[in-house]
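What the coordinates show
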Amino acid sequence: MSAHDSSTHDGSKDVVVHTSDTLPERFSNPGHPEHHLRRSDQDPRANKRAELQVVVLFLISVIGTIGFLVAYFTVTPAGTPSSIRNSNLLLGLGLFFGLMGIGLAAVHWAKSLMNDHEKSEERHELRSPEPVRAQAVEVIQEGVADSAIGRRGILKGAMVSALALFPLSIAVPLIGNIGGNWNVSTLKHTMWKKGTRLTIDPTGRPVKASDLTIGSVFHIIPDGLDKTADPMEEKAKAIVLLIRLDPRDLKIAPDREGWSYDGIIAYSKICTHVGCPVALYEQQTHHLLCPCHQSTFDVADGAKVVFGPAKRPLPQLPITVDSEGYLVAQSDFHEPVGPSFWERLK
Amino acid sequence: MKALAARRHHRNAPVVVTLLALLTTGGLYAALAPSTAHAAEPTANDIAAGGKLFQANCSTCHGPAAGGTASGPSLVGVGAAAVDFQVSTGRMPMAASGPQVIAKPPTFDAKQTAELAAYVASLGAGPAVPTAEQVDPSKGDQATGMALFRTNCAMCHNAVGAGGALSQGKFAPPLANATPTVIYEAMLTGPQSMPVFNNDNITPQEKRDVIAYLVAQRSNATSVNDLGAFGPVSEGLWAWVLGIGTLIGCAVWIGAKSS
Amino acid sequence: MTTTDSAFPGPVDYLDQRTGLGSAIKTFARKIFPDHWSFLLGEIALYSFVVLLISGVFLAMFFVPSMNETVYHGAWASMQGVTMSEAFKSTLDLSFEVRGGLLMRQIHHWAALIFMAAIVTHMMRVFFTGAFRKPREVNWVVGFVLMILGLAAGFSGYSLPDDVLSGNGLRIADGVTLSLPIIGSYMSYFIFGGQFPGTQLIPRLFTVHVLLVPGLILALVGLHLFFVVLHKHTQYPGSGRTDKNVVGFPLFPIYVAKAGGFFFIVFGVIALMAALFTINPVWDYGPFDPSPVSAGAQPDWYMLFLEGALRLTPGQLEVVIAGFTIPLNVIIPAMIVPGLLFTALAAYPFIEAYATGDKREHHVLDRPRNAPVRTASGVALLTTFLVLILAGSNDIIATQFQLSINDITSVFRVLLFVGPAVAFWITKRACLALQRKDRELVLHGHETGSIVRFASGEYIEVHKPLNEHERWLRVGYEAHRPIAIAPAEDSRGVRRKGYRRDRLRQRVSQFFYEDRVEPVTPTELAAAQSHGAHDAIAQAPDALPQVESQPVGGGQHLVTPNAQVTPDERNL
């Protein structure tokens, strides 16, 4: 890091110093430059013209506001996109001219007509002068002496305790209630259980195995979701993607034999990264892509991660077919769905 | 170049697999689908003319009997809908290989496309080209369509169909210029990366609802310019370039000395 | 009864007797503020905040902060019969059924984006000109806190309509909260009042958005401006400007008109954007439902750096220790990286003061080139944020430029580390080069483009020396040198206590000030002028034997060297 050349570092080295006795070490501030008059200061016609421009700009504002009011009363947004578009455009343009006219007029006035001689004002150091500081210390010392707080240890302790404790009467009820029932173990379970039918989101039609052709993907919610106490919370955990692959393409882990049905396989739709719905299925590559952060999962191979910021595969929902041919869950997921959290494996 | 070539090979394999899958789909569809009224049954002449076009333009990759080769999948059983989608959007015949086959001005006119479709459909049963009534946006309900689009399509095609990115350079195309028929066929046949949305997943009526939503969406902008409907990124760019840019310009004017 | 010959008319007299208004007018009405466009950047932030308050009050009249479910039967066709929250429904109603409501909503959102952008540009101005130096360090921290509060205001407001896009943003916020070791799941319950999404969040965010955060912002804006008045505004270097004075125009009438007018200009530009451009069309995204998501799922621009950090961090970082999960793939990008970047930003004035060892007050700003390491550090920090913001937009970049999202992500992973380092190096070298150019100009003057020929046949170009104002701008700065410390051992060879601490400080100081370019001194200038033959001519043009005026490089005539150029460019 020593790329600096010597001439810039120490300029006196490579020049012959003739007059260093008489010249100062640094240049000094030359003081305020001369003021230059504007055209409108010198030419009365230019001055008059500038004034006229300001007046016109203010008038444009007046016309803009009148235009706004006319548009407000005459252009009704009647529910069609085009009427909404027109209303928005005309009101907006009216407001724009109403505001811009004032703004440009005021600035133009200031620039061309108001006195433009620069003025100078002195600054003073912010630091209080020494005598004031001494007085400040004295004042505080007097106050401390008046209260005698220095000599009353027990009083001090009692005061500190009281002040430290009283916020609890606000904090305890707040913290007690703000997290609902604080039962974080519900994060680990969903409403899927043995025999719950897989139904199409959002219509709720149950799905038969024969409904799926190879290459198709169904967005699935559990049957009876509407009847639960908190459908949104349940749905946020229970959504599933149901995909049919050619059984020959499917790699099934030994501990997951029997979790799929004839190439039909169900995975949680919630990303194991931070919980977006993973929904972009590329049927040629069998890859599932999350549109939020591009985690990519291989559906044919246990939904393991092939790219992106997620670490874990999507949890698989074990499925089978009931006596009527409808697809049903064998059980809940065997692991918590969604993003990782501290105690998810406990 | 080497890497590119390797990728190209790699990419074709899934195409073959998928179109095989489509074949199965077609079979299943034929078995399960309610018989739809076809607008005009293709004549033997159409099929013959289509066969000629096929031999001249498609057989190099798809094989003389459309049975597939190393460079193109079998088309037996893909149905007229798949042919109409691929040919009418100019995706087929394919011009250059890339991460995915892209749409371009079609090579064949409507009549030739219909003949090709008739020929391929004659090789094995598959989804037919939808009738005008099936894709009539005025008969669909855009609110239902929007709900379906939101759950099944928006993650790739963006909330209003402005398109979006897939992995490895692939993308879900914008839908602003897709005809209702093409939208219907895409759902039915699942071209390229797109999954299949058969009639058990999204019923024909629901498909028409989706079309109604997408068509309505084209004139649904609530301001003069919707900034491409790409969401907060383009909004942020405009806030900086136009908003802060203009305001700094004004500030420079305010701060400059009047002459 | 007061005196009847008062200078005040009746009502002012009445107020003055009760408030001492007269003294305030005397003190403040003609207070001097320096003039420069970059001093208006903070005003853009302030005025867009006022626009936010005005439009926000309008919106609050019609918005219903409730997550109760309702069915829509309003004007918008693609939402007919859709189940949604009251919050979402009222957002649709205030946009489509309240006349001017959509305009106000778009004004509010555009103003929010411009508010944050203006805060960032204002901070950049303060940073690069060294306006944060003593006595303004505390005000820098106040401004920093205001920026953080701006982020909080933006994020809480963005989520209020309860649409799919912002709902997924909240879901990400929940995922990030859950990642906190030990307390993660409890913090998530704390925010959402139970499990995500719950029914409490919108009302809670509403209170945060309309009461808590704006209240804090207002209070701190007051403090921020109080400090500006107390310290008096900084000024750019130039003739007649010193640390002991402030040169400019009086508050009344110049700044009443200029700053007052600028408010209308800011409001006007925002209104124009709201008139022309759609922003956050929640009816396109639909009411929140945990299942859907749309391509282009991003937060507003000021949160994009977090999104980018999350996108770039590889998943392998998640670890399980003794059965407890520690998702470092979330903790690092969402907490540690922003924590470090923001701490560096907030602490910068103190770091620089530590390296400089300078205890004086500074009211004349630095030209950015005269503080190379500061300028380079600022550019490096901005580069880091820029890479993260671009990474947060990688899917849009992929579709717009037909690139592979995987490749973009990999490139940004490298750029995040290489980019800031390269930016630092380039900026520092550029600053030093500009300083050398200033030296060159002061020593040798302007090239005039006029060629003269001597009787001997020698040709030279005439250089015109700088006038005193031009010169002062280039030599008036102070080049700090690394601090000197006492040696490690005293004269008797005993190791000094506190040497290590001093040595560390010296190292920091060397990092800042090792490479520097000193301003030209009068001695150097005199030497240069006596050395350079052509400068000698420039000083005495009458002595020229022959003059051949040749238009070279645009010059037309031999300029009389004594002619003074106007000093108006002194702040360029």
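Reading guide: rules and limits
- Residues numbered from 1 in each chain as written.
- Chains lettered and ligands numbered in written order.
- Predicted model: local features only at pLDDT ≥ 70, side-chain atom pairs only at ≥ 80, totals over all residues.
- Heavy atoms only, no water.
- Helix = DSSP H or I, 4+ residues; strand = E, 2+ residues; numbered from the N terminus.
- Buried < 20%, exposed > 50% of the residue type's maximum accessible area, 1.4 Å probe, protein only.
- Contact = heavy atoms within 4.5 Å.
- Areas by Shrake-Rupley, 256 points an atom, 1.4 Å probe, with all protein chains shown as cover.
- Lys, Arg positive; Asp, Glu negative; His and termini not counted.
- Charge placed at Lys NZ, Arg CZ, Asp CG, Glu CD.
- Disulfide = S-S within 2.5 Å.
- Salt bridge = Lys/Arg side-chain N within 4 Å of Asp/Glu carboxyl O.
- Nonpolar A, V, L, I, M, F, W, Y, C, P; charged D, E, K, R; others polar.
- Pairing = 2+ DSSP bridges.
- Core = buried A, V, L, I, M, F, W, Y, C linked by side-chain atoms within 4.5 Å.
- Polar contact = N/O pair within 3.5 Å; in protein donor to acceptor, adjacent residues only side chain to side chain.
- Axes fitted to C-alpha atoms, helices over the stretch in contact; angles between N-to-C directions.
- Buried area = accessible area lost by both parts, 1.4 Å probe.
- Phe/Tyr/Trp six-rings, centres within 6.5 Å; stacked < 30°, edge-to-face > 60°.
- Domains from an automatic or database assignment.

This part covers the overall build of chain A. Helix and strand counts for chain A stand at eight helices and eleven strands. Overall, the C-alpha framework of chain A stretches about 105 × 75 × 65 Å when taken along its three principal axes. Going through the 346 residues of chain A one by one, you find that 44% of them count as buried. Here the contacts in chain A between residues at least 6 apart in sequence split such that 57% fall between residues at least 24 apart. Carbon and sulfur atoms form 60% of the exposed surface of chain A, whose accessible area is close to 17,600 Å². Of the charged side chains in chain A, 35 are positive and 38 negative; the average position of the first set lies 5 Å away from that of the second.

Per the counting criterion, the structure on display carries one disulfide over all chains. Disulfide pairing places Cys276 of chain A opposite Cys292 of chain A at an S-S distance of 2.1 Å. The chirality of the disulfide connecting Cys276 of chain A with Cys292 of chain A is left-handed, given an S-S dihedral of about -85°. Here Cys276 of chain A, found in the loop between β5 (264-268) and β6 (280-282), pairs with Cys292 of chain A, found in the loop between β7 (287-289) and β8 (296-298); they are 16 residues apart in sequence, far enough to count as distant. The two residues Cys276 of chain A and Cys292 of chain A agree in class, both being buried. Looking at the unpaired Cys58 of chain B, the closest cysteine sulfur is the one in Cys61 of chain B, lying at 8.7 Å.

As a further point, take the interface of chain C and chain A. Taken residue by residue, the interface counts 135 residues in chain C and 107 residues in chain A. For the pair chain C and chain A, the number of links is four salt bridges. Of the charged contacts, one joins Glu118 of chain A and Arg241 of chain C as a salt bridge, the two residues approaching to 3.6 Å between their closest N and O atoms. In terms of residue count, the dominant contributor to the side of chain C that touches chain A is helix α10 (residues 251-276) of chain C (16 residues). For the side of chain C that touches chain A, a count of residues per class yields 62 nonpolar, 41 polar and 32 charged. In the sheet, strand β1 (residues 119-122) of chain A pairs with strand β4 (residues 245-250) of chain C via four bridges, with the strands oriented antiparallel. Counterpart to Lys119 of chain A in the pairing with β4 of chain C is Gly248 of chain C.

A few words on the pattern of salt bridges. For the structure shown, the criterion picks out 38 salt bridges over all chains. Across the pair Asp116 of chain A and Arg38 of chain A runs a salt bridge, and its minimum N-O distance is 3.6 Å. Here Asp116 of chain A is found in the loop between α4 (81-112) and β1, whereas its partner Arg38 of chain A is found in the loop between α1 (6-9) and α2 (39-42), with 78 residues between them in sequence. A salt bridge links Asp246 of chain A to Arg248 of chain A, with the nearest nitrogen and oxygen atoms 2.6 Å apart. A residue is classified by how much of its surface remains accessible, and Asp246 of chain A, at 13% relative accessible area, is buried. A single network of salt bridges, built from pairs that share partners, joins Arg133, Glu352, Asp366 and Arg374 of chain C.

A few words on the nonpolar core. One finds Ile44, Ile107, Trp110, Phe262 and Ile265 of chain C to be the most contacted residues of the largest nonpolar core, which totals 103 residues. Considering every element that reaches this core, the biggest residue donor is helix α5 (residues 101-128) of chain C, with 16 residues. With residues near it in sequence (within four places) discarded, Ile107 of chain C still touches Leu95 of chain A together with Val51, Ser55, Phe267, Ile270, Ala271 and Ala274 of chain C. Counting 78 residues, the second largest nonpolar core, distinct from the first, contains Ile265, Cys290 and Leu314 of chain A together with Cys153 of chain B.

Time to look at the side chain of Lys188 of chain A. Residue and element names in this part refer to chain A. Looking at the secondary structure, you find Lys188 in the loop between α7 (168-178) and β2 (198-200). No salt bridge is formed by the buried Lys188. Its closest oppositely charged neighbour is Glu343, at 6.0 Å. Separated by 2.7 Å, the side chain of Lys188 and the backbone oxygen of Lys346 make a polar contact. Filtering out sequence-adjacent residues up to four positions away, Lys188 remains in contact with Pro336, Phe341, Glu343, Arg344 and Lys346.

Residues and elements named next belong to chain A. Strand order in this open sheet of four strands is β2-β3-β4-β5, and the pairing throughout is antiparallel. Each having just a single partner strand, β2 and β5 make up the two edges of the open sheet. Across the sheet, the mean angle from the axis of one strand to that of its neighbour is 40°, orientation sign disregarded. Pairing analysis gives three bridges linking β2 to strand β3 (residues 217-222), with the strands arranged antiparallel. Among the inter-strand pairings, Thr199 is bridged to a residue of β3, identified as Ile221.

With that settled, consider the interface of chain B and chain A. On the side of chain A, 39 residues touch chain B, which itself brings 40 residues to the contact. A combined buried area of about 3,500 Å² lies between chain B and chain A, and 57% of that area is made up of carbon and sulfur atoms. For the interface between chain B and chain A, the tally reads two salt bridges. Among the ionic pairs, Arg205 of chain A bridges to Glu206 of chain B, the shortest N-O distance being 3.0 Å. The tally of links from chain B across to chain A stands at 17 residue pairs in polar contact (both at pLDDT 80 or more). Counting residues per element, the ones that place at least two in the side of chain B that touches chain A are α1 (2-32), α6 (142-152), α7 (154-157) and α10 (232-255) of chain B. Partitioning the side of chain B that touches chain A into residue classes produces 19 nonpolar, 17 polar and four charged.

Right, let's get into the sheet that holds strand β9 (residues 304-307) of chain A. Residues and elements named next belong to chain A. Strand order across the open sheet formed by four strands is β6-β7-β8-β9, with antiparallel pairing between neighbours. This sheet does not close on itself; its edge strands, each paired only once, are β6 and β9. Each strand of the sheet is rotated relative to its neighbour by a mean of 35°, with strand direction disregarded. Where β6 and β7 come together, three bridges link them in antiparallel fashion. Bridge assignment links Tyr281 to a residue of β7, and that residue is Leu288.

Moving on to the packing of aromatic side chains. All names here are of chain C. All chains considered together, the criterion is met by 40 aromatic pairs over all chains. Pairing Phe305 with Phe342 gives two aromatic rings, centres 5.7 Å apart and planes at 85°, and the pair type is edge-to-face. In this pair, Phe305 sits in helix α12 (residues 304-312) while Phe342 sits in helix α13 (residues 328-356), placing the two residues 37 residues apart along the sequence. Among the aromatic residues, ring-to-ring pairing joins Phe127, Phe128, Phe132, Trp140, Tyr348, Phe424, Phe511, Phe512 and Tyr513 into one connected group.

The next point concerns the pairing of β9 of chain A. Note that β8 of chain A and β9 of chain A share three bridges and pair antiparallel. Within β9 of chain A, the position partnered with Phe297 of chain A by the bridge is Val305 of chain A.

Look at the link from Lys134 of chain C to Pro135 of chain C: it is a cis peptide, with omega at 10°. Here Pro135 of chain C is to be found in the loop between α5 and α6 (137-159). A cis amide bond links Phe252 of chain C with the next residue in sequence, Pro253 of chain C, at an omega value of 5°. By the secondary structure assignment, Pro253 of chain C is in helix α10. We note that Trp182 of chain A has phi near 55°; this positive angle belongs to a residue other than glycine. Looking at where Trp182 of chain A falls in the secondary structure, it is placed in the loop between α7 and β2. Within the chain, Ala229 of chain B stands out as a residue other than glycine whose phi angle is a positive 55°.

Residues and elements named next belong to chain B. According to the domain assignment, chain B consists of domain 1 (1-129) and domain 2 (140-220). Taken residue by residue, the interface counts 19 residues in domain 1 and 15 residues in domain 2. Here domain 1 and domain 2 share an interface that buries about 1,500 Å² over both sides, 60% of which is from carbon and sulfur atoms. Between domain 1 and domain 2 we count zero salt bridges in total. The interface formed by domain 1 and domain 2 holds three residue pairs in polar contact (both at pLDDT 80 or more) in total. Going through the elements one at a time, α1 and α4 (79-88) are the ones with two or more residues in the side of domain 1 that touches domain 2. Residue classes in the side of domain 1 that touches domain 2 are distributed as eleven nonpolar, five polar and three charged.

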